[in-house]
Amino acid sequence: MNKRYEIPVLISVFGLGLSLFGLASALAQEASATGGVPAHMVVTVEPRHGDTPPAINQEDVRVYEGHDRDKVTEWVPAQGDRAALELFVLLDDGSGSGSLGTQLEDIRRFINAQPATTKIGVAYMRDGTAMIEQDLTDDHSQAAKKLRLPLGESGVNGSPYFSLSDLVKRWPASLARREVVMISDGIDRYYGSGDVQDPYLQTAIDDAVRAGILVSAIYNPGAGHFGHSYWQTYWGQIYLSELAEKTGGEAYYIGFNGPAVSFGPYLQDVERRLGHQYFLTFLAKPPRKAGFQQVKLSTEVPNADLVSAGRVWVPAGR
């Protein structure tokens, strides 16, 4: 008689095993999510068409490390009591005086148009350092007054990426957003051009990403022969594009026909982007030691792209 119950009993036990396995798997996933290391990013929501992106809620944001989805614990608009911004305008002292001089008024208007929650700094790239003309201040008119014509000497700034790294390393940590509008030809005269793995560019990207600083770049020709060398300007603009893309910023005026007519439209776009940013916190996989981890952000909300650095610095797990 017992044989009649063998198959049902086995099925019942097998089903119970599957249930326990599913429960264990769910608990493991939950433990993994709650045991992650908090990682932080500033994200810009960009419309795919038009000027105004849709509102994005926390549940709309997905963060992936490879195929694994991380838990989002914070998604806060950079507005109201979280609107604070520290913004440096970083200009290349090797820029052609004529090409940059005509743009200074547009830059002044941009600085003066910033809200009271924004602190502005002005610095010039020279000799591989960031020569600060005006430290971060909420007196925008004072910052605007510190704009001046560049020295306009070819080679006065060996590598703009040295200067960016110098600025990043000297920038005190802050709970505010930190961003740079960098105006340069992007040419690395110290290392040379034609190498997609320029080590000084890569170091500047690493420094900015680790510090959580977004860099947007506007191309402007340098003084001297390099200012009209197709080869040099090509690589300079490629480098600026890579810098902006990999730090979560935007690159402007990618072309080879001399200086831009006006920086006005680019600076207006920078201002729009600043108005559609969020603070993102998610639980990353706990690494054995602190380092960069590749991440990918996505959303299913129509007409919206989530723009950020492609990597995040994650402290070591306990």
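Here the structure is shown first, and the text comes after it.
So, here's what we can say about the structure. Predicted model, so just to flag it, every value in this text is computed and none were measured. (Residues numbered from 1 in each chain as written. Predicted model: local features only at pLDDT ≥ 70, side-chain atom pairs only at ≥ 80, totals over all residues. Heavy atoms only, no water.)

1. Section: the sheet that holds strand E1 (residues 37–46)
Working definition: the strands of a sheet are paired by backbone hydrogen bonds and lie parallel or antiparallel to each other.
Phase 1: Ordered by their spatial adjacency, 6 strands build an open sheet running E12-E2-E3-E10-E1-E13, and the pairing between neighbours is antiparallel. Only two strands of the sheet have a single partner each, and these edge strands are strand E12 (296–298) and strand E13 (305–307). Averaged over all pairs of adjacent strands, the angle between strand axes in this sheet comes to 40°, irrespective of strand direction.
Phase 2: As paired elements, strand E3 (residues 68–77) and strand E10 (residues 277–284) share 6 bridges and run antiparallel to each other. When the bridges of E10 are listed, proline 77 appears paired with tyrosine 278. (Pairing = 2+ DSSP bridges. Helix = DSSP H or I, 4+ residues; strand = E, 2+ residues; numbered from the N terminus. Axes fitted to C-alpha atoms, helices over the stretch in contact; angles between N-to-C directions.)

2. So, the sheet that holds strand E5 (residues 118–126)
Phase 1: Taken in spatial order, the 6 strands of this open sheet run E6-E5-E4-E7-E8-E9, and their pairing is mixed. Strand pairing shows two members of the sheet lacking a second neighbour, strand E6 (129–137) and strand E9 (251–252), which therefore form its edges.
Phase 2: Bridge analysis of strand E4 (residues 85–92) against E5 gives 8 bridges, and the strand direction is parallel. Residue pairing in the sheet places valine 89 in a bridge with valine 122 of E5.
Phase 3: Most of the contacts of helix H5 (residues 160–170) go to E6, to which it runs at about 40°, and overall it touches E4, E5, E6, strand E7 (177–184) and strand E8 (213–219). (Contact = heavy atoms within 4.5 Å.)

3. Things to note about the packing of aromatic side chains
Phase 1: Enumeration according to the criterion identifies 14 aromatic pairs in this entry.
Phase 2: Here the aromatic rings of tyrosine 161 and tyrosine 239 are separated by 6.3 Å at their centres, their planes lie at 80°, and the arrangement is edge-to-face. One end of the pair, tyrosine 161, is in helix H5; the other, tyrosine 239, is in helix H7 (residues 230–247), with 78 residues separating them in the sequence.
Phase 3: Ring geometry for phenylalanine 263 and tyrosine 266: centres 6.4 Å apart, planes at 45°, overall tilted. Residue phenylalanine 263 shares its accessibility class with tyrosine 266, and that shared class is buried.
Phase 4: Taken together, the ring pairs in this structure connect Tyr219, Tyr252, Tyr253, Phe263 and Tyr266 into an aromatic cluster.
Phase 5: The ring of tyrosine 124 carries arginine 148 above its face, with NZ or CZ at 3.9 Å from the centroid. (Phe/Tyr/Trp six-rings, centres within 6.5 Å; stacked < 30°, edge-to-face > 60°. Buried < 20%, exposed > 50% of the residue type's maximum accessible area, 1.4 Å probe, protein only. Lys NZ or Arg CZ within 6 Å of the ring centre and 35° of its normal.)

4. Quick word on the packing of H5 against helix H6 (residues 199–211)
Phase 1: Two numbers describe how H5 lies on H6: the axes approach to 8 Å, and their chain directions differ by 20°. With respect to H6, the element H5 is oriented roughly parallel. For the crossing formed where H5 meets H6, the hand is left-handed. Judged by residue contacts, Tyr161, Phe162, Leu164, Ser165, Val168 and Lys169 of H5 engage Tyr200, Leu201, Thr203, Ala204, Asp207, Ala208 and Ala211 from H6.
Phase 2: Of the residues belonging to the contact of H5 with H6, the class tally is 9 nonpolar, 2 polar and 2 charged. (Parallel < 35°, antiparallel > 145°, perpendicular 65-115°, else oblique. Left-handed = near helix turned anticlockwise from the far one by under 90°. Nonpolar A, V, L, I, M, F, W, Y, C, P; charged D, E, K, R; others polar.)

5. Here we look at unusual backbone geometry
A negative phi angle is the norm for most residues apart from glycine, just as the trans form is the norm for most peptide bonds.
Phase 1: Within the chain, aspartate 127 stands out as a residue other than glycine whose phi angle is a positive 55°.
Phase 2: Inspection of the secondary structure assignment puts aspartate 127 in the loop between E5 and E6.
Phase 3: Its identity is not glycine, yet asparagine 303 carries a phi of approximately 60°, on the positive side.
Phase 4: Locating asparagine 303 in the fold gives a position in the loop between E12 and E13.
Phase 5: By relative accessible area, asparagine 303 is classed as buried at 18%.

6. Structural notes on the side chain of arginine 273
Phase 1: Here arginine 273 lies in helix H8 (residues 264–274).
Phase 2: Looking at arginine 273, its side chain comes within polar contact range of the side chain of glutamate 46, at 2.7 Å.
Phase 3: Engagement of the side chain of arginine 273 in a polar contact is seen with the backbone oxygen of glycine 248, the distance being 3.5 Å. (Polar contact = N/O pair within 3.5 Å; in protein donor to acceptor, adjacent residues only side chain to side chain.)

Everything listed here is a matter of geometry and, on its own, says nothing about what the molecule does.
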